[in-house]
Amino acid sequence: MVYRRGLITGAMMLPLLVGGCGGSSSGDDGDGGVGILPPEVIAGSIGIEANTRVDGDTADRLVLSRSPLTEPQLLPASFVLAGYVCYEEDTRGTSDPFDDFPEDPEDVFRVPLVPGETVSLSTFLDDADGPPITLKLRRLDETDVESQITDPASQVFSARVSLPPTEAPGDYLVVVAAAPSDPRPARYVLAKTTGAQSLALNLDWPEHAFVPGRAIVAMKDSAGQRITATSQPGGQVIRALDEKHWLMAMPATRMSKLSTNGQDTLDWIGTLRQQSGIANAVPDYIMSAQGPLDEPLYPKQWHYDLINMPAAWQLVSDGGVGVIVAVLDTGLFRDSLGWHPDLAANVVSPIPPGADFVSAEFDNDVPPGRDSDPRDPGNATGNNVFHGTHVAGTVAASATNQLGGTGVAFGSKLLPVRVLGEGGIGSSADLIDAIRWVGGAVPVKADVINLSLGGLPEIPALQSAITEAVNNGVLVVGAAGNQSSSLPAYPAAARGVFSVSAVDGGGSLASYSNFGPWIDLAAPGGDIRRDANLDGLADLVISASGSPSVSGFEPDYAGLQGTSMAAPHVAGVFALMKSVRPDLDTDTLVTWLADGRLTTHSSSGRSDTLGYGVIDAAKAVLTAVDNPSVTILSASPTTVSLSSETNPSQNVEFQVLGDQGNSPIINPEVVSPDWLNVTLLTSQPFSLTVTLNDQLPSGGPVRTTLQVNYTTDSARVLEIPVVAELVTDENARDAGRHFVLLVDTEPNAQGQLEAVAQDSMVAVNGTYQFSFPLADEQSSIFAGAPPGDYYLVAGTDLDNDGIICQAGEACAEYPVTGLREVITIDENTDLTDIRMTTSYSRPTISAATPDVLPRPGFRGYKLKAQRPTGSVAPKTIGAVR
């Protein structure tokens, strides 16, 4: 008889039932078949994400050694590092080993920087009002260059410092400091990438809010598929969103048992996904307005000068007559005298029936529910800023009534569409219906859609609605969001939407604005904490609003800040462009944007903060009205970033813009440095491929600019900036001491998922190796784990609070983080090639990861009381760049 050991790899599908199946554990099974050996080990490896580093004196290290670092910790040119600070030691008066928070008032790092590069800090506190953390950038002589402080009381948990253009390239000190006299600990993540680009990091578990008991379901058969409440036993049909997607409700028998955290809804969605006719199911996510609440009124509209509006109005003196802009928001202010007086002349009349899409559970109308009146009734709970009115005023407030201010496209028409109800929140299903109502059928109801709302993950049905509108010629603009995060926020990050970040009065990214590789361009959003244009007033955007009165509300004006205020600037400029070029479509705008023809375009090309730059209204309008008589080449991407580890080669496509009659003649000679190989295709379709070779120097990023010489109507030069880095960090990767756990799949009395068995290890040459027997009770904490269902997870406990995988700590789940699956352990368990990857990042909900669901209230996995003893393993984190 032949015996074999069971082999389970990370590529196999779970759930796993790893017992014998038709064989015996010992002896001959009588047919010469294959048997399974008795239980032995669980073993495997945990890889570490590229550029990962860990603070050298985290709490879990200090409780063993009490030896904080005394010299700056060396970091490479690109890194993601997790750390811990605590101003003074705090044992909280208990003997619990997890109530020991050692003193570590500040961490100092030595980082190579060039002008324009940014170091970002994200903090994570166990107390909602925890201590502020200061991020400082210093020269090596310890003189300050720049600093920023978090403000938990104002819900600001991040900070960024950048090297100014006046500073020389070289090494600088980056300091993370705890608040003096506050003993509470804090976890943090510090990140930097080479060049102007920034990391798109999601550092917390997805917690997108959703409507309890509802789901958006995608059917496998989109051609003629029909479902009804009787034919679909998993739920009750509410309505069709399109031919493939349906809004469904949980069966009434389950609705009565809804939990407060929404887990019952997620469990129901899990059962829907297992039905044969369903391709996927996702929650009906809740969205919100992307602007903050009340701010003082400042009557100076600095934001129009910043984007060159006066010159644009000279080019389009009628302000965009003939164009309709749909504002999908909270609706418009309306009282007994009519619409807000600064908007009334430009509101479409009559408004098409059905313009209020707010479902009853989110509505504060009387009666609640969908109807044809998109007025904003104000919030029952106060904090009335009339968000949709403010947004609409920036787009199209009248310029001829001598009231208040003016709008960007003051001659265009407004179509108010109400999708946000009480408190400025609403349903993703309502938004999907509204977008289809506006742009899903020809003729469309509007030429431009403004979406100053967000808070959603990527939703296929939402993308489908946007794509349909874009294909019908509608231009869609979205607010990037106000979380100071690089995590893509939808609908702004959706394909076909122009995602707009916010700048202050000096044209710099606002402190609250989201950023990242999904940002397209920027516009004024204001920043109450800054007077960047030095006019003596806070940088707020002034527009129409409403205010309380004796009889209810009255029309007024307000100064607000937010990406919600930035997006309508772009929507208004697009309306002006559409008025002089009615066939203007998204593809054309994308091309012009990448070519710098719509924005105040920096020579460095695109950045993750401002996209392709701040909108320049005059430049954009001139592009639309100009009859092109020249021909140029445009590169996509406009800049190239190369890495020896992750991206050693890049293809650059050339686009011919302008007069297509002038076919470019490209000089095949391109001068390049000796570390870069260049291949140029000089016939249609034009392109250039750049590839790193073994001459690439170490010691930090290197830069060059490739010049492509060509002739059209005249001799021209196309410049393509290139930045490259030799990455040698694989063996130096370290995410900190890792605990590997078998975790009970059912929460304990405190709602925590608790370890049944655990072990710990440190990284060796950039990898964690674990191996433990299940039968030997003397060798491992894992010994004696009873048969049953478990999750296999690993992670760090940097703040020594007894919980791993919290935000700001590394985490790995088997088989994939965010998609953990059950491992069933029985008498024949033998898992000998487990492979996982650990990272500080958390999964996002996107088209690439459609099975990821929110984890409401999830805060990590609870450790057993045992801790590792002895000295800390030798540190390698400070020695290798």
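Refer to the structure presented above.
Nothing here was measured: the structure is a model prediction, and the numbers come from that model.

Rules behind the numbers
- Residues numbered from 1 in each chain as written.
- Predicted model: local features only at pLDDT ≥ 70, side-chain atom pairs only at ≥ 80, totals over all residues.
- Heavy atoms only, no water.
- Helix = DSSP H or I, 4+ residues; strand = E, 2+ residues; numbered from the N terminus.
- Buried < 20%, exposed > 50% of the residue type's maximum accessible area, 1.4 Å probe, protein only.
- Areas by Shrake-Rupley, 256 points an atom, 1.4 Å probe, with all protein chains shown as cover.
- Disulfide = S-S within 2.5 Å.
- Pairing = 2+ DSSP bridges.
- Core = buried A, V, L, I, M, F, W, Y, C linked by side-chain atoms within 4.5 Å.
- Salt bridge = Lys/Arg side-chain N within 4 Å of Asp/Glu carboxyl O.
- Phe/Tyr/Trp six-rings, centres within 6.5 Å; stacked < 30°, edge-to-face > 60°.
- Axes fitted to C-alpha atoms, helices over the stretch in contact; angles between N-to-C directions.
- Parallel < 35°, antiparallel > 145°, perpendicular 65-115°, else oblique.
- Left-handed = near helix turned anticlockwise from the far one by under 90°.
- Contact = heavy atoms within 4.5 Å.
- Nonpolar A, V, L, I, M, F, W, Y, C, P; charged D, E, K, R; others polar.

J.: Honestly, the overall build of the chain in this entry has me stumped. Any pointers?
T.: Helix and strand counts for the chain come out as 11 helices and 49 strands. Taken over 881 residues, the chain has a buried fraction of 54%. Counting every atom, the chain has about 34700 Å² of accessible surface; 51% of that belongs to carbon and sulfur.

J.: Teacher, can you tell me more about the state of the cysteines here?
T.: Cysteine pairs can be linked by a disulfide, which is a covalent bond between their two sulfur atoms. Taken as a whole, this structure holds 1 disulfide when the rule is applied. One disulfide bridge connects C805 with C811, the sulfur atoms lying 2.2 Å from each other. Between C805 and C811, the S-S dihedral sits near 85°, and the bridge is therefore right-handed. One exposure class covers both C805 and C811, and it is buried.

J.: How do you make sense of unusual backbone geometry when you look at a structure like this?
T.: Apart from glycine, the bulk of residues carry a negative phi angle, and the bulk of peptide bonds sit in the trans form. The amide bond that connects S349 to the next residue, P350, takes the cis arrangement and shows omega of -5°. Within the element layout of this structure, P350 appears in the loop between β21 (338–339) and α6 (387–396). The omega angle of the peptide bond from V366 to P367 is -5°, so this bond is cis rather than trans. Within the secondary structure layout, P367 lies in the loop between β21 and α6. One non-glycine residue, N765, adopts positive backbone phi at about 55°.

J.: Where do I start with the pairing of strand β24 (residues 448–451) in this structure?
T.: The side chains of a regular strand alternate between both faces of the sheet. Burial along β24 is two-sided: the face carrying V448 and N450 and the face carrying I449 and L451 are both buried. Examined bridge by bridge, β24 and strand β26 (residues 475–479) share 4 bridges and lie parallel to one another. In the sheet register, L451 faces β26, and the bridge partner there is G478.

J.: Honestly, the nonpolar core in this entry has me stumped. Any pointers?
T.: Soluble globular proteins tend to pack their nonpolar side chains together in the buried interior. Judged by nonpolar contacts, the single largest core of 126 residues is most densely connected at M309, L328, V417, V419, L431 and M577. The element that contributes the greatest number of residues to this core is helix α9 (residues 563–580), accounting for 10 residues. In terms of nonpolar packing, the next biggest core, distinct from the first, is built from 31 residues, I48, V80, F124 and Y768 among them.

J.: Explain the pattern of salt bridges to me, please; I cannot follow it from the model alone.
T.: Once the charged atoms of two side chains with opposite charge are near each other, the side chains can pair. Considering all chains together, one arrives at 23 salt bridges under this definition. Here R139 ties to E167 by a salt bridge, and the two come within 2.7 Å at their closest N and O atoms. Linking R139 in the loop between β10 (133–138) and β11 (144–149) with E167 in the loop between β12 (158–162) and β13 (170–178), this pair joins segments that are 28 residues apart in sequence. A relative accessible area of 28% means that R139 is categorised as partly exposed.

J.: Could you clarify how one ought to interpret helix α10 (residues 586–594) in this entry?
T.: Residues lying three or four places apart along an α-helix face the same way, a consequence of the helix completing one turn every 3.6 residues. Of the positions making up α10, those classed as buried are T586, L589, T591, W592, L593 and A594. Where α10 terminates, the next one or two residues include G596, which has phi positive at roughly 80°.

J.: Honestly, the packing of aromatic side chains in this entry has me stumped. Any pointers?
T.: Two numbers describe a pair of aromatic rings. These are the distance of the centres and the angle of the planes. A full pass over the atoms with the stated rule returns 6 aromatic pairs. Ring geometry for F386 and F553: centres 5.2 Å apart, planes at 80°, overall edge-to-face. With a gap of 167 residues between them, F386 in the loop between β21 and α6 and F553 in strand β30 (residues 552–560) connect regions that are remote in the sequence. Residue class for F386 comes out buried when judged on its relative accessible area of 3%. Overall, F553 belongs to the partly exposed group, its relative accessible area being 26%. Three or more aromatic residues joined by ring pairs make a cluster, and in this case those are W205, F858 and Y861.

J.: Would you take a moment to explain the sheet that holds strand β6 (residues 73–74) for this structure?
T.: Sheet strands pair by backbone hydrogen bonding; their relative direction is either parallel or antiparallel. Taken in spatial order, the 5 strands make up an open sheet running β6-β8-β13-β10-β11, and their pairing is mixed. What marks the edges here is a single partner per strand, and that holds for β6 and β11. Bridge count between β10 and β13: 6 bridges; the pairing is antiparallel. Bridge pairing in β13 links I133 to A178.

J.: Sorry if this is basic, but what is going on with the packing of α9 against helix α11 (residues 617–625) here?
T.: To describe two helices that pack against each other, one gives the angle between their axes and the distance between the axes. Where α9 contacts α11, the axes come no closer than 8 Å and their chain directions differ by 20°. Taken together, the axes of α9 and α11 lie roughly parallel to each other. The handedness of the crossing between α9 and α11 is right-handed. Contact residues: α9 offers V573, L576, M577 and V580, while α11 offers A617, A620, V621, A624 and V625.

J.: Can you walk me through the packing of α6 against α9 in this structure?
T.: Axis separation between α6 and α9 bottoms out at 8 Å; the angle between their running directions is 35°. Our pair here, α6 against α9, has a crossing hand that is right-handed. Contact residues: H387, H390, V391, T394 and V395 in α6; S564, M565, P568, H569, A571 and G572 in α9. Grouping the amino acids of the contact of α6 with α9 by side-chain chemistry returns 5 nonpolar, 6 polar and no charged.

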